[in-house]
Amino acid sequence: MKNTFGSSVAVTLFGESHGEFIGATIDGLAPGIEIQTEYITHMLTLRRPAGKISTPRQEKDEYKIVSGVMNGKTTGAPLTILIPNDNVKSSDYAQMQTLARPSHADYTAECKYHGYQDLRGGGHFSGRITAALVAAGAICKAALEEKDIYIGTHIKRCAGISDREFADIPSDIKDLNTKTFAVLDEERNEKMQEEILAAASEGDSVGGILETAIIGMPPGVGEPWFDPLESMLSHMLFAIPAVKGVEFGAGFSIAEMKGSKANDPFYMEKGRVMTGTNNNGGINGGITNGMPVIFRTAIKPTPTIFKPQNTVDFRSMKDSVLTPKGRHDPAIVHRARVVQDAAAAIVLCDALALRYGTDWLKS
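The notes below deal with the structure included here. Within any chain, residue numbers begin from 1 and follow the written order of that chain's sequence. In keeping with the predicted nature of the model, local features appear solely for residues at pLDDT of at least 70, side-chain atom pairs appear and are counted solely at 80 or more, and the whole-chain, interface and lining totals rest on all residues. The side-chain quantities take in all heavy atoms of the structure and omit both hydrogens and water.

## Remarks on the side chain of Glu110
In step 1: Relative to the helices and strands, Glu110 resides in helix α2 (residues 106-113).
In step 2: There is a polar contact of 3.0 Å between the side chain of Glu110 and the side chain of Gln117.
In step 3: In this analysis, two residues are considered to be in contact whenever any of their non-hydrogen atoms come within 4.5 Å of each other. Discounting chain neighbours no more than four positions away, the residues touching Glu110 are Gly115, Gln117, Phe314 and Arg315. Elements are defined by DSSP. Helices are runs of H or I of four residues or more, strands are runs of E of two residues or more, and each kind is numbered from the N terminus. Between N or O atoms, a polar contact is any pair within 3.5 Å; within protein, one atom must be a potential hydrogen donor and the other a potential acceptor, and residues adjacent in sequence are included only when both atoms are from side chains.

Right, here's the structure in full:
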């Protein structure tokens, strides 16, 4: 099982949904980076369940940093974060231990780990583990903001309802990072939540699309072949549970354009190279060009729904029917957006450290 991402700045995740702790270890952080505890708490709060559109499982996420920090600043040694699991109900999964939940990792985990995997609450495959990713990403994101690099994600589409496009990106990012339900147009907030509740009332779930903007990235970051910034981001983004698609800039629609429209023309403004459009999402040849990095992810509907579903018992190898129990989200798109911010921050710290050296984040 490989649980580490990154080269210069590397993050390892550990723990299970119903285990004693989940956590993360960050290796490669420069010494002297200030640990903003309130910032970490804020990002964890944005990931937590909120009302009837989320799971009833409530965790305090009272994290503890047990290594790599002294007097509020990184020491340069591996930094380890522990988050306790307090609100577990493993009995909900007793009758489902051999029944594969459709679109979950139950069957594939059985194939890979031969029955030794932790089945409670999805074990190591659970979205619960993203709390540790968010805590690690919060440290990276705060360090990036000290270098004037900012990340923000909004719910571009959910349950058939679309948010407005990014406009004044710096202002939009600042606004998004204060919101529990991250939409740019507040009128869409209520409509999306109504559709999520409607699906929940039917025992069903909905998915959505997240769109992220990153500003302040210097030009020249990324590698031309096997570590393009798109590849590094995509690698991490597909590690987020429920992500089934990633696109940059104009994405798949660029295939329908002619080159004269798809190309982003260059011009000079106050001594900086700019582009008139951003169809390539701020990246050319795998390398940042100084424009905002823009990407979107497709988030599938929560796979555990309260409807009978055909499945198999993977121990007896017989057909069966599953009616899940437990506590589950009718949508996770609103919680996943801060996970996406955290994931992007980790990638950027790694890419920047590869380009400028690990001390760049502090200097």
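## Some points on the packing of helix α6 (residues 229-237) against helix α8 (residues 333-356)
In step 1: Note on geometry: axes are lines fitted to C-alpha atoms, helical ones only across the stretch in contact, with angles between N-to-C directions running from 0 to 180 degrees. Contact geometry of α6 with α8 gives a least axis separation of 9 Å together with a crossing angle of 140°. As judged from the angle between their axes, α6 and α8 are oblique. Considering how the two elements wind past one another, α6 and α8 form a crossing that is right-handed. Across the interface between the two elements, Leu229, Met232, Leu233, Met236 and Leu237 from α6 touch Gln340, Ala343, Ala344, Ile346, Val347, Leu348, Asp350, Ala351 and Leu354 from α8.
In step 2: Here the residues of the contact of α6 with α8 sort into twelve nonpolar, one polar and one charged. Here is the rule for angles: anything less than 35 degrees is roughly parallel, anything more than 145 is roughly antiparallel, 65 through 115 is roughly perpendicular, and the remaining ranges are oblique. The handedness criterion is simple: a crossing whose near helix is rotated anticlockwise from the far helix by less than a right angle is left-handed, and one whose near helix is rotated clockwise is right-handed. Each residue is assigned to one of three groups, with Ala, Val, Leu, Ile, Met, Phe, Trp, Tyr, Cys and Pro labelled nonpolar, Asp, Glu, Lys and Arg labelled charged, and all others, Gly among them, labelled polar.

## Digging into a nonpolar patch on the surface
In step 1: The patches described consist of residues with a relative accessible area above 30% and no salt bridge, like charges being joined within 9 Å and nonpolar side chains (Val, Leu, Ile, Met, Phe, Trp, Tyr) within 5 Å. Methods summary: accessible areas were calculated by the Shrake-Rupley approach with a probe of 1.4 Å, and residue burial reflects only the protein chains presented. What makes a salt bridge here is a side-chain nitrogen of Lys or Arg within 4 Å of a carboxyl oxygen of Asp or Glu, nothing more. On the surface, Phe266, Met268 and Val273 cluster together into a nonpolar patch covering about 340 Å² of accessible area.
In step 2: For Val273, the location among the structural elements is in strand β13 (residues 272-275).
In step 3: Note on classification: 1.4 Å probe, protein chains only; a residue is buried when its accessible area is under 20% of the maximum for its type, exposed when over 50%, partly exposed between these limits. Assessed through its relative accessible area of 45%, Val273 is described here as partly exposed.

## Notes on the side chain of Thr302
In step 1: Relative to the elements of secondary structure, Thr302 occurs in the loop between β16 (293-299) and β17 (309-313).
In step 2: Leave out the neighbours within four places in its chain, and Thr302 touches Ser205, Val206, Asp329, Pro330, Ala331 and Ile332.

## A look at helix α3 (residues 130-146)
In step 1: An expected span of 1.5 Å times one less than the residue number is assigned to each helix. The first and last C-alpha atoms of α3 sit 24 Å apart over 17 residues, in line with the 24 Å expected at 1.5 Å per residue.
In step 2: Judged by how many residues are buried, α3 sits mostly within the fold: 16 of 17 residues are covered.
In step 3: Among the residues trailing α3, Asp148 stands out with phi positive, at a value near 65°.

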